Amino acid sequence: MEKIIVHGGNRLQGSVHIEGAKNAVLPILAASILAERDEMVLTNVPILSDVYTMNNVLKFLNLDVDFDEARNTVRLNAAKKLSTSTV
């Protein structure tokens with residue numbers, strides 16, 4: 001078995017920004033349809049094409065969706081009646 005030997009004694013310091021996970025945010029966005037009142041704010045949302053696509057689907061269903069890319073937040077409001085129209 002191989003070993004990793006670390007010499008030093010210096011403590012690690014600092015911080016690391018962890019990106020949001022697409023596999024976590026997409027189901028949460030889908031579940032936002034169930035919120036009938038108030039606004040929902042999701043933070044640490046990754047800027048990915050899948051997120052844009054889901055946001056467009058939610059807008060089509062008549063949800064208010066605002067994606068702030070600078071802050072990586074999505075504001076959602078599902079208070080209006082869902083759209084059931086077909087294209």
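Just so you know, these numbers come straight off a predicted model, no measurement behind them. (Residues numbered from 1 in each chain as written. Predicted model: local features only at pLDDT ≥ 70, side-chain atom pairs only at ≥ 80, totals over all residues. Heavy atoms only, no water.)

Student: Can you explain the sheet that holds strand β2 (residues 64-68)? Please cite residues and give values.
Tutor: Strand order in the open sheet formed by three strands is β1-β3-β2, and the pairing between neighbours is antiparallel. Of all strands in the sheet, those bounded by a partner on one side alone are β1 (39-42) and β2. Within this sheet the neighbouring strands show an average axis-to-axis angle of 15°, counted without direction. Sheet topology note: the β1/strand β3 (residues 73-77) ladder contains four bridges and is antiparallel. Within the sheet, the bridge partner assigned to Met-40 lies in β3 and is Leu-76. Where helix α2 (residues 49-60) meets the sheet, its contacts fall on β2 and β3, and the angle it forms with β2 comes to roughly 155°. (Pairing = 2+ DSSP bridges. Helix = DSSP H or I, 4+ residues; strand = E, 2+ residues; numbered from the N terminus. Axes fitted to C-alpha atoms, helices over the stretch in contact; angles between N-to-C directions. Contact = heavy atoms within 4.5 Å.)

Student: Before we move on, can you summarise unusual backbone geometry with the specific residues and values?
Tutor: Positive phi values are uncommon outside glycine, yet Asn-44 reaches one of about 60°. Summarising the element assignment, Asn-44 is placed in the loop between β1 and α2. For Asn-44, a relative accessible area of 32% corresponds to the partly exposed category. Even without a glycine there, the phi angle at Asn-72 is positive, about 55°. Checked against the element boundaries, Asn-72 lands in the loop between β2 and β3. (Buried < 20%, exposed > 50% of the residue type's maximum accessible area, 1.4 Å probe, protein only.)

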